[in-house]
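Spelled out from the first residue to the last, the chains are:
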Amino acid sequence: MTKSNERKLTIARAMAEATAQEMRIDPTVFVMGEDIGALGGVYGNTRGLLDEFGAERIRDTPISETAFIGAAVGAAQDGMRPVVELMFVDFFGVCFDAIYNLMAKNIYFSGGNLKVPMVLMTSTGGGYSDGGQHSQCLYGTFAHLPGMKVVAPSNAYDAKGLMTAAMRDDSPVVYMYHKGLQGMGWLGTEAGATVHVPEEPYTLEIGKAKVVREGKDVSIVSVGMGVHNALKAAKALEAQGVSAEVVDLVSLVPLDRETIRASVAKTGRLIVVDEDYMSYGLSGEIIASVTEHNISVLKAAPKRVAFPDVPIPYARVMEQFCLPNPDKIVAAWNDMKAA
Amino acid sequence: MAPTQKEQHWMYRNMVTSRRFEETIAKIYFEGKSPAFNMANGPIPGEMHLSDGQEPVAVGVCAHLTPEDVVTATHRPHHQAIAKGVDLDKMAAEIFGKTTGLSGGRGGHMHLFDADVNFACSGIIAQGMGPAVGAALSRKMQGKPGVAVAFVGEGAVNQGGWHEAMNLAAVWNLPFVCVIEDNAWGISVAKSAATAVPTNDVRAAAYGIPGTRVEGNDPFAIYEAAGKAIERARNGEGPSLIEVDTYRLAGHFMGDAEGYRPEGEKDGLSAKDPIPAMRARLLKDGAASEEELATIEAEAEARVEAAIKFARESADPAPEDALTAVFAA
Ligand SMILES: Cc1ncc(C[n+]2csc(CCOP(=O)(O)OP(=O)(O)O)c2C)c(N)n1
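Residues numbered from 1 in each chain as written. Chains lettered and ligands numbered in written order. Predicted model: local features only at pLDDT ≥ 70, side-chain atom pairs only at ≥ 80, totals over all residues. Heavy atoms only, no water.

- Under the annotation held in an unreviewed UniProt entry, chain B carries the name Thiamine pyrophosphate-dependent dehydrogenase E1 component subunit alpha and is attributed to Roseovarius pelagicus.
- If you open the UniProt record of chain B and go to Catalytic activity (unreviewed entry), you find "N(6)-[(R)-lipoyl]-L-lysyl-[protein] + pyruvate + H(+) = N(6)-[(R)-S(8)-acetyldihydrolipoyl]-L-lysyl-[protein] + CO2".
- Quoted straight from UniProt, the Function (unreviewed entry) entry for chain B says "The pyruvate dehydrogenase complex catalyzes the overall conversion of pyruvate to acetyl-CoA and CO(2). It contains multiple copies of three enzymatic components: pyruvate dehydrogenase (E1), dihydrolipoamide acetyltransferase (E2) and lipoamide dehydrogenase (E3)." (UniProt positions renumbered as here; feature names shortened; annotations may be inferred.)

- Identification of chain A as Alpha-ketoacid dehydrogenase subunit beta from Roseovarius pelagicus is taken from an unreviewed UniProt entry.

Here it is, written out as structure tokens:
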């Protein structure tokens with residue numbers, strides 16, 4: 001490994017680097033969204049791109065999500081590879097038609113004769129009292145609707161590889177990055193997300209989960225910020241003599257059920273950690289992926305640590321009460337053991 | 001249509017109250033957030049959008065409104081809330097995330113709801129349009145008095161929902177007024193880069209309703225334009241659109257370095273501060289004496305201090321309160 005390959009990047013910088021590298025070799029890639037130009041994105045993921053590529057390819061948009069996300073679909077079908085930003089995933093409500101009725105369905109409607117090679121980047125997560133319209137994850141909402149791949153990196157290495165893979169994919173990819181992992185100091189960022197990132201371009205396989213910590217007593221399955229909570233919980237459990245395996249899903253669609261099943265087959269126990277709402281979401285899907293396949297691998301009823309089914313409260317004490325954290329994961333283990 | 005002397009005093013009082021409130025919030029916002037700015041820390045976490053500079057719009061419009069009338073505001077709602085008569089103690093407590101807040105700390109700075117004075121706001125751009133039009137429809141259908149006013153920023157006027165709501169209000173001839181606060185910026189994107197027409201008043205033509213633009217951030221001119229529109233609405237003559245040329249003296253949100261502003265754009269801006277201008281005008285017109293103004297200012301300051309004290313001293317909600325009020329009781 002050369003010295004320069006040991007540099008650490010934040011997720012924000014890793015995303016920007018991947019985008020710049022792809023834009024250099026592929027003139028059809030361009031970026032559009034609110035405040036992605038001079039500001040470099042509210043979450044830093046387009047920083048520096050305007051200077052290198054200019055306003056034609058790094059395109060600030062009006063506050064018109066329906067129009068510019070719909071336009072990205074049209075441009076993608078016409079030979080471009082747009083990367084569009086929906087600043088907060090919570091804003092999907094004003095433009096979801098363009099996302100799930102157009103972006104997600106046009107390949108199918110064309111019988112596979114059309115490609116829709118676009119990336120929809122969007123920020124997720126809370127924990128800093130930004131209120132119920134700026135703090136949601138909505139993983140389940142996006143993953144539920146067929147036709148769009150959904151990825152959510154937990155660290156900068158994965159972020160760069162996923163970004164490059166997403167831009168090269170001929171299907172639409174929703175790229176959900178967590179605010180608390182972006183490496184923006186003003187958001188109190190998770191240090192574990194800033195890791196070594198190679199300078200040269202590389203891709204990560206979309207739809208492939210990672211076992212980020214080996215263990216034999218329980219599988220903790222999560223994504224994004226939840227992975228860091230799971231790793232901290234695993235450390236705490238280790239002190240109690242419990243060996244926890246942590247699975248980072250990396251992609252929600254396609255979902256790597258094989259890796260989840262293999263892990264649970266090994267440990268016999270499953271805890272799912274999801275910062276999205278509990279019901280009808282990711283946690284239920286993951287548990288179903290195991291139980292409907294082979295319920296006999298389970299030595300205990302699975303547990304979930306997820307956001308309760310309430311809008312995200314503003315006041316810090318209430319929000320923190322609702323958010324998953326390492327203590328809640330350890331408590332889930334203790335409940336499981338006691339049962 | 002000019003404001004009465006009493007109305008002028010009311011307007012000045014509310015502008016000053018709003019400004020003192022914002023200044024106090026701004027100071028407290030940085031408590032616990034330095035030396036390294038971390039939005040999650042301090043007594044007021046989360047994003048904070050201040051409205052310094054935009055006070056004339058709120059008072060010029062709300063001077064014509066009663067608590068019965070409906071206002072939907074934006075993500076930058078404090079000046080609008082204060083002018084509409086939202087309970088200042090409860091509003092401050094809400095911003096501090098306290099149990100005594102308007103929603104007991106559930107909504108926060110961008111989601112202030114005060115049913116007593118028919119005020120609501122939202123963090124989603126242009127999202128107040130539909131509910132305001134709906135309130136106007138409800139008033140018309142029930143034969144109840146009152147108008148509905150939606151405040152939006154000039155950036156919001158490019159949202160699909162804005163256009164749909166304008167058309168609906170027009171085609172149903174509703175008692176509705178849309179007030180656009182044109183501060184020339186949507187976060188870092190200049191209006192000229194985002195909006196196809198130089199001013200938004202002309203967009204009223206697309207809906208066959210009157211459109212007016214008020215230049216100069218002048219509370220009296222805003223009062224006059226709003227008065228006409230609201231009177232029209234009250235008389236059953238239908239909706240109107242008003243755009244006001246205003247500006248934000250601060251960044252888009254607290255912590256915004258404003259690197260996107262062209263150099264020198266803010267030069268001279270503080271000299272155009274509408275509050276000293278209004279003060280000078282009241283004196284010059286003989287509408288208020290120095291003593292009267294000093295009294296208004298002292299009262300406004302005391303009002304704000306009391307509200308902030310109330311907020312600071314109020315209790316945090318119980319954490320489990322998060323799980324309540326999801327459905328109607
Ligand atoms: C639907 C939606 N898109 C984007 C945003 C992010 N956002 C918050 S404020 C803002 C700029 C709003 O500009 P304007 O309407 O002119 O109001 P101002 O902030 O200038 O008062 C943007 C883009 C949002 N809150 N909602």
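Moving on from the coordinates now.
1. Quick word on the site of the ligand
Next up, step 1: Close to the ligand lie 21 residues, the nearest being Glu65(A), His75(B), Arg76(B), Gly123(B) and Gly155(B).
Next up, step 2: Among the chains of the assembly, those with residues near the ligand are chains A and B.
Next up, step 3: Contact distances for the ligand include 2.5 Å between a nitrogen atom and a side-chain N or O atom of Glu65(A).
Next up, step 4: Glu154(B) places a side-chain nitrogen or oxygen 3.0 Å from an oxygen atom of the ligand.
Next up, step 5: Considered on its own, the ligand offers 580 Å² of accessible surface; in the complex 97% of this is hidden by protein. (Near = heavy atom within 4 Å. Polar contact = N/O pair within 3.5 Å; in protein donor to acceptor, adjacent residues only side chain to side chain. Areas by Shrake-Rupley, 256 points an atom, 1.4 Å probe, with all protein chains shown as cover.)

2. Topic: the pattern of salt bridges
Next up, step 1: Taken as a whole and judged by the stated rule, the model has 41 salt bridges over all chains.
Next up, step 2: Salt-bridge contacts for Glu214(A) lead to Lys266(A); the nearest nitrogen and oxygen are separated by 3.0 Å. With Glu214(A) in the loop between strand E9 (210–213) and strand E10 (218–222) and Lys266(A) in helix H9 (residues 257–267), this pair connects stretches of sequence that are 52 residues apart.
Next up, step 3: A relative accessible area of 59% places Glu214(A) in the exposed class.
Next up, step 4: For the salt bridge of Arg312(B) with Glu31(B), the shortest nitrogen-to-oxygen distance reads 2.6 Å. Here Arg312(B) is found in helix H10 (residues 290–313), whereas its partner Glu31(B) is found in the loop between helix H1 (5–29) and helix H2 (55–62), with 281 residues between them in sequence.
Next up, step 5: Three or more residues joined by partner-sharing salt bridges are found here, namely Asp182(B), Lys191(B), Arg213(B), Glu215(B) and Glu243(B). (Salt bridge = Lys/Arg side-chain N within 4 Å of Asp/Glu carboxyl O. Helix = DSSP H or I, 4+ residues; strand = E, 2+ residues; numbered from the N terminus. Buried < 20%, exposed > 50% of the residue type's maximum accessible area, 1.4 Å probe, protein only.)

3. So, the nonpolar core
Soluble globular proteins tend to bury their nonpolar side chains together.
Next up, step 1: Ranked by size, the top nonpolar core spans 171 residues in total, and within it Ile99(A), Phe142(A), Phe21(B) and Met91(B) carry the most contacts.
Next up, step 2: At 9 residues, H1(B) tops the list of elements feeding residues into this core.
Next up, step 3: Setting aside chain neighbours within four positions, we find Phe142(A) in contact with Val89(A), Phe92(A), Phe96(A), Ile99(A), Leu120(A), Met148(A), Val150(A), Val174(A) and Met176(A).
Next up, step 4: Judged by nonpolar contacts, the second largest core, of 25 residues, contains Val70(B), Ala170(B), Phe176(B) and Cys178(B). (Core = buried A, V, L, I, M, F, W, Y, C linked by side-chain atoms within 4.5 Å. Contact = heavy atoms within 4.5 Å.)

4. Considering helix H1 (residues 11–25) of chain A
Next up, step 1: With 15 residues, H1(A) should cover 21 Å at 1.5 Å per step; its first-to-last C-alpha distance of 22 Å lies within 8% of that length.
Next up, step 2: The buried fraction of H1(A) is high, at 12 of 15 residues. (Expected span 1.5 Å × (residues − 1).)

5. Overview of the pairing of strand E2 (residues 29–33) of chain A
All names here are of chain A.
Next up, step 1: Here E2 lies mainly inside the structure; 5 of its 5 residues are buried.
Next up, step 2: Of the two faces of E2, the one holding Val29, Val31 and Gly33 and the one holding Phe30 and Met32 are both buried throughout.
Next up, step 3: In this sheet, strand E4 (residues 81–88) lies alongside E2 in parallel orientation, the contact comprising 5 bridges. Pairing of Met32 across the sheet is with Val84, part of E4.
Next up, step 4: As paired elements, E2 and strand E3 (residues 58–60) share 3 bridges and run parallel to each other. By the bridge assignment, Met32 is partnered in E3 with Arg59. (Pairing = 2+ DSSP bridges.)

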